[in-house]
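Report on the structure
Letter by letter, the chains look like this.
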Amino acid sequence: MVSFKMFLLTLALYLLQGAGASLIKLNNNGYEDVVIAIDPDVQEDENLIQQIKDMVSEASIYLYGATEKRFYFKGVSILIPDTWQAKTDYKKPKLETYKNADIVIEVPNPAGNDVPRTDQLGLCGEKGERIHLTPDIVLGKKLNEYGPPGKILVHEWAHLRWGVFEEYNEEEHFYQSNGKNVPVKCSEALTGTHKVNVCSGGSCSIRTCRTDPKTGKLNKDCLFIPDKIQTEKASIMFMQSIDSVVEFCTEKNHNKDAPNAQNRMCNLRSTWEVIQDSDDYKASTPMTDAQPPKPSFSLKQIRERILCLVLDKSGSMGSDDRLNRLKQAATLFLLQIIEKGSWVGMVTFDDTASVQSELVQIVTDAERNALITKLPSVASGGTSICSGLRSGFTVIKKKFSTDGSEFVLLTDGEDSTISMCLNEVNQSGAIIHTVALGPSADPALEELSNMTGGVQTTSTDNAQSNGLIDAFSALSSGNGAITQRSIQLESKGATLKDGEWMNGTVVVDNTVGNDTLFLITWTTRQPQMFVSDPDGKVYNTFSLDANSKMAYLQIPNTAKAGIWTYSLKSSAQTLTLTVTSRAADATVLPITVDSKMNKDTSNFPNPLVAYAEVRQGSLPIIGANVTALIESADGKTETLELLDNGAGADTYKNDGVYSRYFTGYTINGRYSLKVRVLGGSNTQRSRPRVHGALYIPGWVENGEIKMNPPKPDISEDEIQASMQSFSRTASGGSFMVSNVPSGSIPDVFPPSQIIDLEANVEDDQVNLTWTAPGDNYDEGQAQQYIIRMSKDILQLRENFDTALQLNTTDLIPNQANSQEFFRFKLEDSIMENGTTIFLAIKAIDKANLTSLISNIAQASLFTASPDNSSPDDSSSSPAGVSISTIVLSVVGAVAVVAIIVSVTVCVLNKKKRYHA
């Protein structure tokens with residue numbers, strides 16, 4: 001038996017994991033509980049499992065060496081889909097689910113898109129979400145393009161675990177430095193050539209790179225092609241595919257001038273410096289063994305969902321209409337959220353627990369309706385959470401092991417004895433999802449969901465926010481196929497006066513429509529209810545539960561795509577509307593929204609970040625209207641427009657991840673996040689934005705260029721096909737806030753860091769562009785800008801205040817998230833051709849709070865020579881010489897030959913006359 005002291009230590013480690021659902025732990029330099037999931041759409045291939053093992057084993061050795069013997073892979077679970085044939089060595093999962101998988105092996109979407117990638121939402125040093133690999137990558141079928149699978153995994157692991165960024169730049173392969181075109185690479189010691197690979201009609205040809213005669217820059221189609229044989233060891237975040245590369249860039253060999261994401265996001269720091277700042281590094285010391293221990297693997301196959309509702313019916317549940325709202329939310333869960341084929345039981349508790357239903361399998365609507373009749377209707381007694389959980393364990397054990405089972409625990413009361421069953425929960429292997437209802441729910445409740453990888457949600461007593469229904473709507477299976485999950489299209493409420501109408505629309509797009517349900521709740525009297533489809537057909541045959549103050553309408557077959565309308569006429573009361581649906585076609589991925597805060601807990605005045613990821617498969621959905629509704633424990637809601645503009649808290653522009661800083665603290669306690677997404681005429685699918693291993697266009701071997709097959713082109717027609725308007729609502733769970741001062745909140749939030757500063761030179765002037773920060777991070781309006789310039793990039797980073805300050809007297813900051821422009825003329829003293837200058841900005845607010853220094857932009861001065869030829873680019877091979885230079889050289893050579901011939905002819909003629 002684990003001691004309680006040791007258990008608390010283990011619990012503390014879980015709580016340090018933050019908002020991510022990952023189960024990974026670092027134990028004596030080894031990463032344990034790494035979860036690799038094979039997507040259900042991947043065709044069954046037993047060889048793939050062995051190749052996953054080989055990939056991890058190879059990566060472990062590579063990682064060990066690259067981190068100076070600090071880290072390796074120790075324990076890995078491989079999740080196998082239930083669609084694959086069952087085998088005796090496949091165990092049942094415990095806490096491992098697809099939802100908390102760290103690495104997913106999935107079919108490329110679109111087809112041919114095998115680019116390894118990592119979902120990375122946060123800023124420098126913040127952990128990523130998950131790694132995506134395709135079967136062809138794992139099976140080693142893309143060696144020439146991306147390198148060995150183990151090395152690819154280490155590249156992605158650095159994104160996932162330590163929050164580092166790419167050291168290449170697919171938008172800008174070269175930059176200018178001191179009059180030369182230089183590849184964006186790290187380290188600079190890596191060698192190669194510059195060429196253009198032109199493909200047309202199924203054939204390709206290699207051509208010489210050209211330079212723009214106005215700017216001196218190499219054209220964008222010019223590629224850096226590395227030498228196959230190298231001796232340089234860095235860097236893994238540039239080209240891990242090079243055989244000699246076995247290290248991360250350090251402070252000594254990091255290329256600070258390169259315009260890449262690592263420099264932009266991490267203030268010019270090298271990858272190794274960021275790793276050294278991580279919690280992993282600080283908690284480890286180097287090992288002495290030449291090789292790390294071999295990883296252990298556990299094969300686990302997904303089984304049917306087994307879940308028990310554990311519902312509080314104590315006396316306090318009788319106030320604020322909580323018991324009715326519980327029945328409304330649980331009814332939606334049983335009707336729509338829990339998947340067909342699942343096993344469900346029910347336990348209620350006050351001072352003691354009572355089994356309302358043993359496990360029953362959901363096969364038809366009859367099982368769903370029978371469970372709904374068991375929901376509690378009378379509230380009395382105290383609160384004993386442990387009694388409820390223990391009774392739930394007993395229900396599960398009558399048919400199954402508790403490993404991998406799920407519990408939905410709802411409570412509104414405090415329980416001083418909750419610590420008595422933490423050890424039992426930890427040993428059970430069960431996943432606990434917690435729903436905290438009202439302001440007095442036990443403060444320790446979230447420990448149960450944190451330690452088991454469950455979802456944590458909260459709801460206030462403000463019925464209009466529809467928080468309890470949203471909480472239950474967030475509890476779809478972590479293992480079910482996405483085409484089988486219930487998707488929330490709408491969730492809203494309104495408090496009406498007598499005789500007023502609650503009218504609105506819901507968009508049913510063509511990716512959803514099956515099993516569509518409209519749920520309406522009220523607080524006093526049943527309203528008049530009408531729903532119309534896009535053709536005007538009216539539906540009003542609702543199923544009623546007058547005692548629970550709810551009604552629902554199930555749309556038969558597949559709901560027609562288009563705009564549905566609803567009209568609710570009411571007496572003076574609060575109404576809510578919830579609409580859910582499922583995918584219209586099992587072969588077409590629906591548009592999904594995943595939302596979260598970047599942390600589970602925060603202490604004032606540390607800001608939090610709200611995220612919403614809008615996708616269809618791996619294709620980002622851009623141009624949507626995304627709104628975060630953040631409700632505090634006192635029922636007050638703050639509305640934030642989330643943005644995908646690559647500024648403030650948003651790392652990359654147009655990647656389908658919308659984000660915003662949250663600083664609207666009002667009180668201490670729990671807050672909940674809900675996100676509403678509307679897609680309209682400006683919404684479109686986009687090409688996947690990749691934070692992952694670089695595609696290698698080709699190699700130079702023995703002086704010969706050998707090009708790889710071109711990266712598959714993703715058709716714009718395929719991306720934009722059948723893109724319709726849509727609506728989605730998603731719960732982002734709950735988070736805790738502490739140390740909020742009472743009374744008015746002081747101005748302690750500075751402007752956000754500018755991360756998208758760009759510079760370009762036009763004639764003798766420099767044009768700067770960036771996105772405006774705010775008075776409080778990305779809200780409001782800053783007071784002034786300080787712009788400084790230097791020829792030394794490190795002066796700006798380390799001694800910003802000593803660099804040359806530009807005159808910005810007439811530069812008044814715009815509102816946050818506006819585009820800013822600033823132009824200035826260069827002095828003659830620095831107008832030398834080929835000079836590179838560096839620029840950075842700080843913003844100051846009205847309270848004299850200053851932002852962090854921006855990313856450092858660079859601009860190179862280029863003056864075309866009279867013959868319009870480009871400057872010599874000695875940093876590249878002859879491929880970097882411009883066509884104009886080549887033409888002039890040829891013309892010059894011809895002229896010289898002509899002169900020589902003329903002189904020779906003249907001399908010969910003179911000799912002939914002399915002899916005559």
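Cut-offs used in this document
Residues numbered from 1 in each chain as written. Predicted model: local features only at pLDDT ≥ 70, side-chain atom pairs only at ≥ 80, totals over all residues. Heavy atoms only, no water. Helix = DSSP H or I, 4+ residues; strand = E, 2+ residues; numbered from the N terminus. Expected span 1.5 Å × (residues − 1). Buried < 20%, exposed > 50% of the residue type's maximum accessible area, 1.4 Å probe, protein only. Disulfide = S-S within 2.5 Å. Core = buried A, V, L, I, M, F, W, Y, C linked by side-chain atoms within 4.5 Å. Pairing = 2+ DSSP bridges. Axes fitted to C-alpha atoms, helices over the stretch in contact; angles between N-to-C directions. Lys, Arg positive; Asp, Glu negative; His and termini not counted. Salt bridge = Lys/Arg side-chain N within 4 Å of Asp/Glu carboxyl O. Polar contact = N/O pair within 3.5 Å; in protein donor to acceptor, adjacent residues only side chain to side chain. Patch = residues over 30% accessible without salt bridge, like charges linked within 9 Å, V, L, I, M, F, W, Y side chains within 5 Å. Areas by Shrake-Rupley, 256 points an atom, 1.4 Å probe, with all protein chains shown as cover. Contact = heavy atoms within 4.5 Å. pLDDT = per-residue confidence, 0-100.

This next bit is on helix α5 (residues 149-162). For α5, with 14 residues, the first-to-last C-alpha span of 20 Å sits near the 20 Å given by 1.5 Å per residue. α5 sits mainly inside the fold: 14 of its 14 residues count as buried. Just beyond α5, the residue with positive phi is G163, at close to 65 degrees.

Scanning the entire structure with this criterion turns up five disulfides. Here C124 connects covalently by a disulfide to C266, the sulfurs 2.1 Å from one another. Across the S-S bond of C124 and C266 the torsion is about 105 degrees, and the bridge reads as right-handed. Separated by 142 residues along the polypeptide, C124 in the loop between β7 (117-119) and β8 (130-133) and C266 in the loop between α7 (261-265) and α8 (271-276) bring together distant segments of the chain. Between the sulfur of C209 and that of C222 lies a disulfide, 2.0 Å long from S to S. Handedness of the C209-C222 disulfide follows from its S-S torsion of about 85 degrees: it is right-handed. Taken together, the residues C209 in the loop between β12 (203-207) and β13 (223-226) and C222 in the loop between β12 and β13 connect sequence positions 13 residues apart. You'll find C209 and C222 in the same group, each marked buried. Taken in N- to C-terminal order, the disulfide-linked cysteines of the protein chain are connected 1-8, 2-7, 3-4, 5-6, 9-10.

Core analysis: the largest hydrophobic core is formed by 70 residues, its most contacted members being Y31, I52, F73, L133, W157, W162 and F248. For this core, the element with the highest residue contribution is helix α2 (residues 46-66), accounting for nine residues. Core analysis: the next-biggest nonpolar cluster, separate from the first, contains 36 residues, V593, F604, Y665 and V677 among them.

Reading across from one edge, β7-β8-β6-β3-β5-β14 is the order of the six strands in this open sheet, with mixed pairing throughout. Because the sheet does not close on itself, it has two edges, and the strands there are β7 and β14 (296-301). Direction aside, neighbouring strands of the sheet carry axes that sit 20 degrees apart on average. Both strand β6 (residues 103-105) and β8 contribute to a ladder of three bridges, which runs parallel.

The topology assignment puts R70 in the loop between α2 and β4 (72-73). Here R70 occupies a buried position and makes no salt bridge, while the nearest side chain of opposite charge, E68, is found at 5.0 Å.

A separate point is the environment of D515. The residue D515 is located in strand β23 (residues 512-522) in this model. For D515, a relative accessible area of 31% translates into the label partly exposed. When the C-alpha atoms of D515 and C124 are compared, they prove to be 42 Å apart, with 391 residues separating the residues in sequence. For D515, the side chain forms a polar contact with the side chain of R582, separated by 2.9 Å.

Among the surface-exposed residues, W501, F530 and V538 lie close enough to one another that they form a single nonpolar patch of about 270 Å² accessible area. Here W501 lies in strand β22 (residues 501-508).

Our focus in this paragraph is the side chain of T457. Within the fold, T457 resides in strand β20 (residues 456-459). Discounting residues that sit within four places of it in the chain, T457 has contacts with T434, V435, A436, A471, S731, G733 and S734.

On the basis of which strands lie adjacent, the open sheet formed by four strands has the order β22-β28-β24-β25 and antiparallel pairing. In this open sheet, the two edge strands, each paired with only one partner strand, are β22 and β25 (538-539).

Our focus in this paragraph is the confidence of the model for the protein chain. Here the protein chain averages 90 in pLDDT, while 91% of its residues score no lower than 70. Note on residues 1-20: pLDDT is under 50 here. Beyond four places in sequence and across chains, it has 27 contacts.

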